[in-house]
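Coordinate inspection notes
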Amino acid sequence: MIVLLINELGKLSGVSARTLRYYDEIGLLKPSMVAQNGYRMYIQLDIDRLQQILFYRALDFKLEQIKRLLEDPDFDVKEALKQQQKLLEQKRSYVDGLLQTITQTIDTMEGEITMTNEQKFEVFKQNLIEENEQKYGEEIREKYGKQQVLEGYGKLKEMTEEQYEAVQQLEQQLFVRLKEALVENDPTSEVAMEAAELHKRWLSFYWKKYTKEAHVGLAQMYLYDDRFTAYYDNQVGEGATRLLHDAIVAYTKL
């Protein structure tokens, strides 16, 4: 049986002993055995778990998300690896697209080609579509239908430079208002209503037609899907998703 001390596991994996001790403290990677002298001892099961942690870290998952995934009773290592493979291929495609865009931008500056403003942002918009499809494709198709989802993707692809910048700014403004609204934690407050309005304006860049019913439906999806909840709570603060949901419900009743 393979048994490694913390320094040996650090040397094998490239992860510092300090980080491994932290992983132990937060329950992310606890050694299967601890000697009488307090030395942490890692077996093959622990080594494989560390590999999974590093795969998810490479995909920019937060530690609390990784811990939740690995502790899920339905967690399947093989299926997780397949999913990670898809995500890494998507990430590689995005990086390749960025490199191509940078090359074209340099060539444009040197007068070798002419690059349109739409081409400058094409790779960013395509990445947004792929990320959204990867994370939420099945759910949004089930809730809104294939046609509406495709129309939303079409609107994103057709965004001008100004529209793309505007939608990014709107989301940041939404985060700021939500953080301010969390102080009072009143979904009917003026700042909460501003957050709901900003969310509506943000949606208008993706939806062909806005309805109050669809807006509330999306807010409910935010609340009941851990991935949406994690997104807003991580960006703004704990409770942000619940507050946004409640503010949207109140806003649509005005």
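In what follows, the accompanying structure is described. (Residues numbered from 1 in each chain as written. Predicted model: local features only at pLDDT ≥ 70, side-chain atom pairs only at ≥ 80, totals over all residues. Heavy atoms only, no water.)

All right, on to the packing of helix α11 (residues 226–235) against helix α12 (residues 240–252) then. Across the interface, α11 lies against α12 with an axial gap of 7 Å and an inter-helix angle of 100°. Put simply, α11 runs roughly perpendicular to α12. From α11, Phe-228, Thr-229, Tyr-232 and Asp-233 reach across to α12, where they touch Ala-240, Thr-241 and Leu-244. For the contact of α11 with α12, the per-class residue count stands at four nonpolar, two polar and one charged. (Axes fitted to C-alpha atoms, helices over the stretch in contact; angles between N-to-C directions. Helix = DSSP H or I, 4+ residues; strand = E, 2+ residues; numbered from the N terminus. Parallel < 35°, antiparallel > 145°, perpendicular 65-115°, else oblique. Contact = heavy atoms within 4.5 Å. Nonpolar A, V, L, I, M, F, W, Y, C, P; charged D, E, K, R; others polar.)

Here we have three strands laid out as an open sheet, ordered β1-β3-β2, and antiparallel in their pairing. Edge positions in the open sheet fall to β1 (4–5) and β2 (33–34), since each of these has one partner strand only. In this structure, β1 lies alongside strand β3 (residues 40–42), joined through two bridges in antiparallel fashion. Bridge pairing links Leu-5 to Met-41 in β3. (Pairing = 2+ DSSP bridges.)

The next subject is helix α2 (residues 17–25). Among the residues of α2, those classed as buried are Ala-17, Leu-20, Tyr-23 and Asp-24. Along the axis of α2, the buried positions cluster into a sector of 115°, meaning they face one direction only. Projecting away from the buried face of α2 at angles above 90 degrees are the exposed residues Arg-18 and Glu-25. Residues of α2 that are buried in the fold lie against α1 (6–13), β3, α3 (44–58) and α4 (63–70). Just downstream of α2, Gly-27 is the residue with a positive phi angle, here 80°. (Buried < 20%, exposed > 50% of the residue type's maximum accessible area, 1.4 Å probe, protein only. Arc of directions from axis to C-beta.)

Okay, helix α9 (residues 190–203) next. Counted at 1.5 Å a residue, the expected span for α9 with its 14 residues is 20 Å, and the 20 Å between its end C-alpha atoms agrees. All of the buried residues in α9 are Val-191, Ala-192, Met-193, Ala-195, Ala-196, Leu-198, His-199, Trp-202 and Leu-203. (Expected span 1.5 Å × (residues − 1).)

Both trends apply: most residues other than glycine have a negative phi, and most peptide bonds are in trans. Phi at Asn-185 takes a positive value of approximately 55°, unusual for a residue other than glycine. The residue Asn-185 is located in the loop between α8 (161–184) and α9 in this model.

What follows is about the side chain of His-199. Topologically, His-199 is positioned in helix α9. Separated by 3.0 Å, the side chains of His-199 and Tyr-222 make a polar contact. Setting aside its immediate chain neighbours within four residues, His-199 contacts Leu-174, His-215, Leu-218, Tyr-222, Tyr-232, Leu-244 and Ile-248. (Polar contact = N/O pair within 3.5 Å; in protein donor to acceptor, adjacent residues only side chain to side chain.)

Bringing the packing of aromatic side chains into the picture now. Throughout the structure, instances matching the rule amount to five aromatic pairs. Look at Phe-175 and Tyr-232: their rings are 6.3 Å apart centre to centre, the planes differ by 75°, and that puts the pair in the edge-to-face class. Residue Phe-175 is located in helix α8, and its partner Tyr-232 is located in helix α11; the two are separated by 57 residues in the primary sequence. As far as the burial class goes, Phe-175 and Tyr-232 line up, both buried. (Phe/Tyr/Trp six-rings, centres within 6.5 Å; stacked < 30°, edge-to-face > 60°.)

Let us look at the pattern of salt bridges. Across all of its chains, the model carries seven salt bridges by this definition. We note a salt bridge from Glu-71 to Lys-67, for which the minimum N-O separation is 3.0 Å. For Glu-79, the salt bridge is made with Lys-82, and the minimal N-O distance between the two is 3.8 Å. Here Lys-82 and Glu-79 lie together in helix α5 (residues 77–109), a separation of three residues that amounts to about one turn. Through salt bridges that share partners, Asp-24, Lys-30 and Arg-40 make up one connected network. (Salt bridge = Lys/Arg side-chain N within 4 Å of Asp/Glu carboxyl O.)

Membership of the largest hydrophobic core comes to 32 residues, with the highest contact counts inside it found for Leu-174, Leu-178, Trp-202, Tyr-222, Tyr-232 and Leu-244. If you list the elements that add at least two residues to this core, you get α8, α9, α10 (212–224), α11 and α12. In terms of residue count, the dominant contributor to this core is α9 (eight residues). Setting aside residues no more than four positions away along its own chain, Leu-178 makes contact with Ala-195, Tyr-232, Val-236, Ala-240, Leu-243 and Leu-244. Among the nonpolar cores identified, the runner-up in size contains 18 residues, and Val-15, Tyr-23, Leu-50 and Tyr-56 belong to it. (Core = buried A, V, L, I, M, F, W, Y, C linked by side-chain atoms within 4.5 Å.)

With that settled, the discussion passes to the environment of Val-34. Secondary-structure assignment places Val-34 in strand β2. Along the primary structure Val-34 and Leu-5 are separated by 29 residues, whereas in three dimensions their C-alpha atoms are 9.6 Å apart.

Attention now goes to the environment of Lys-62. Structurally, the position occupied by Lys-62 is in the loop between α3 and α4. Residue Lys-62 is classed as partly exposed on the basis of its relative accessible area, which comes to 38%. Once residues lying within four places of it in the same chain are set aside, the contact partners of Lys-62 are Arg-57 and Asn-234.

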